[in-house]
Amino acid sequence: MKQSQARKHLWLTAGVVFLFVLIIAVIFGLKKAQESLSVDPEKDIIFQQPSVLYLSPMSGISQIWRSSLDGTQVRQISHSESGVTDYAVSPDGKRVVFSVLNQMQGNDLWISDGNGNDQRELFTCETDLCYGFSWSSNSVDFAYVREFERKGESVSSVVYLYSIEKTAPITVFPKIQAHIEEISISPDGSRLAIYDPE
């Protein structure tokens, strides 16, 4: 009888110890998981959380800004000294391509990550206007318009396709005698539509 009670007491003690160790392991695991998921608000943006990007002259000149839907978290994305005229966010939210005014009264093409970090110039458009971005669903290729020869009412435009994995754009629509208002790449990336308001 005493041996049976001793065994029961031993098993009960072992069970309590095991349960205590299990609880400690779970708490430690949760703490580690929380640390690994911590986000630095100055460097990281989780784009799964709804947000809005927009152009605004809040800083004195037109820049790209990001805001949470309730407007409580606002952050400047672009930091151009001359101002931004157009932009587009890649479908995966990881990149932003935008037009920056240059000293020759044209636009240069710039790109950054979705947080506004790693901003760099892709190439200059000199005196031409580069605008009207449309990303492919792969978030690697985008189309844009380069408008030049703006002599009076005469306007010529070229539509290019650019891949961020390559160094030179590909001509898609060569020299259209019109101002192109908008372009759009089809979801499968096989077609590109242009809109000329005239």
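All of these numbers come straight from a predicted model, not from anything done at the bench.

K.L.:
What's the story with a negative patch on the surface in this structure? I'm lost.
P.N.:
A cluster of acidic residues, Glu181, Glu182, Asp196 and Glu198, forms a negative patch on the protein surface. One can find Asp196 in the segment after β13 (192-195).

K.L.:
It is not clear to me how the nonpolar core should be interpreted in this structure. Could you clarify?
P.N.:
Looking at soluble globular proteins, one finds that nonpolar side chains tend to be buried together. Counting 18 residues, the largest nonpolar core has Leu109, Leu122, Phe142 and Tyr144 as its most contacted members. Of all elements in the fold, only β6 (107-113), β7 (120-124), β8 (129-135), β9 (141-151) and β10 (154-163) reach the threshold of two or more residues within this core. The contacts of Leu122, once residues within four sequence positions are left out, are Val97, Leu109, Trp110, Ile111, Phe142 and Tyr162. Tyr131, Ala143, Val145 and Ile185 belong to the second largest nonpolar core, which has 8 residues in total.

K.L.:
How do you make sense of the sheet that holds strand β4 (residues 84-89) when you look at a structure like this?
P.N.:
In sheet architecture, strand pairing relies on hydrogen bonds along the backbone and comes in two forms, parallel and antiparallel. Judged by pairing direction, the sheet is antiparallel, and its 4 strands sit side by side in the order β4-β5-β6-β7 without closing on themselves. Only two strands of the sheet have a single partner each, and these edge strands are β4 and β7. With direction set aside, neighbouring strand axes in the sheet form an average angle of 25°.

K.L.:
Could you clarify how one ought to interpret the confidence of the model for the chain in this entry?
P.N.:
Reading fine detail from the predicted coordinates is not recommended where pLDDT is low. Overall, the predicted model of the chain reaches an average pLDDT of 79, with 73% of residues at or above 70. When mean pLDDT is taken per element in the chain, strand β5 (residues 95-101) scores highest with 93 and helix α1 (residues 2-36) scores lowest with 56.

K.L.:
In this structure, what is going on with the pairing of β6? I would like to understand it.
P.N.:
Regular strands show a simple pattern: their side chains alternate between the two faces of the sheet. Among the 7 residues of β6, 5 are classified as buried, and the element is accordingly described as predominantly covered. Judged from the 7 bridges that link them, β5 and β6 form a sheet pairing that is antiparallel. The residue bridging Ser99 from the neighbouring strand is Leu109, located in β6. Between β5 and β6, which pair antiparallel in sequence order, lie 5 residues; one of them, Gln105, sits at a positive phi of approximately 65°. For β6 and β7, the ladder comprises 4 bridges, and the chain directions are antiparallel. Note on β7: the bridge partner recorded for Trp110 is Glu121. Connecting the antiparallel pair β6 and β7 is a turn made up of 6 residues, with Gly116 showing a positive phi of about 90°.

K.L.:
Whenever I open this one, the sheet that holds strand β3 (residues 74-76) confuses me. Can you help?
P.N.:
Here we have 3 strands laid out as an open sheet, ordered β1-β2-β3, and antiparallel in their pairing. Of all the strands in the sheet, just β1 (51-56) and β3 have a single pairing partner and so form its edges. Within the sheet, the average angular offset between the axes of one strand and its neighbour, ignoring direction, is 25°. Sheet analysis places strand β2 (residues 63-68) next to β3, joined by 3 bridges and oriented antiparallel.

K.L.:
I'm lost on the state of the cysteines in this one. Help?
P.N.:
Put plainly, a disulfide is one covalent bond tying together the sulfur atoms of two cysteines. Applying the stated criterion across every chain yields a total of 1 disulfide. Between the sulfur atoms of Cys125 and its disulfide partner Cys130 the distance amounts to 2.0 Å. Since a negative S-S torsion denotes a left-handed disulfide, the Cys125-Cys130 link at about -110° is left-handed. For the pair Cys125 and Cys130, one class covers both residues: buried.

K.L.:
Before we go on, may I ask you to explain the packing of aromatic side chains in this structure?
P.N.:
Within a pair of aromatic rings, the relevant descriptors are the distance that separates the centres and the angle that separates the planes. Inspection of every chain in the model, using the stated rule, returns 7 aromatic pairs. With a centroid separation of 5.7 Å and an interplanar angle of 45°, the aromatic rings of Phe123 and Tyr144 are classed as tilted. One end of the pair, Phe123, is in strand β7; the other, Tyr144, is in strand β9, and 21 residues separate them in sequence. Each member of the pair Phe123 and Tyr144 is classed as buried. Seen from their ring centres, Phe133 and Phe142 are 5.9 Å apart, and the 75° between their planes marks the pair as edge-to-face. Residue Phe133 is classed as buried on the basis of its relative accessible area, which comes to 10%. For Phe142, a relative accessible area of 0% corresponds to the buried category. Among the aromatic side chains, those forming a connected cluster through ring pairs are Phe123, Phe133, Trp135, Phe142, Tyr144, Tyr160 and Tyr162.

The rules we used
- Residues numbered from 1 in each chain as written.
- Predicted model: local features only at pLDDT ≥ 70, side-chain atom pairs only at ≥ 80, totals over all residues.
- Heavy atoms only, no water.
- Patch = residues over 30% accessible without salt bridge, like charges linked within 9 Å, V, L, I, M, F, W, Y side chains within 5 Å.
- Areas by Shrake-Rupley, 256 points an atom, 1.4 Å probe, with all protein chains shown as cover.
- Salt bridge = Lys/Arg side-chain N within 4 Å of Asp/Glu carboxyl O.
- Lys, Arg positive; Asp, Glu negative; His and termini not counted.
- Charge placed at Lys NZ, Arg CZ, Asp CG, Glu CD.
- Helix = DSSP H or I, 4+ residues; strand = E, 2+ residues; numbered from the N terminus.
- Core = buried A, V, L, I, M, F, W, Y, C linked by side-chain atoms within 4.5 Å.
- Buried < 20%, exposed > 50% of the residue type's maximum accessible area, 1.4 Å probe, protein only.
- Contact = heavy atoms within 4.5 Å.
- Pairing = 2+ DSSP bridges.
- Axes fitted to C-alpha atoms, helices over the stretch in contact; angles between N-to-C directions.
- pLDDT = per-residue confidence, 0-100.
- Disulfide = S-S within 2.5 Å.
- Phe/Tyr/Trp six-rings, centres within 6.5 Å; stacked < 30°, edge-to-face > 60°.

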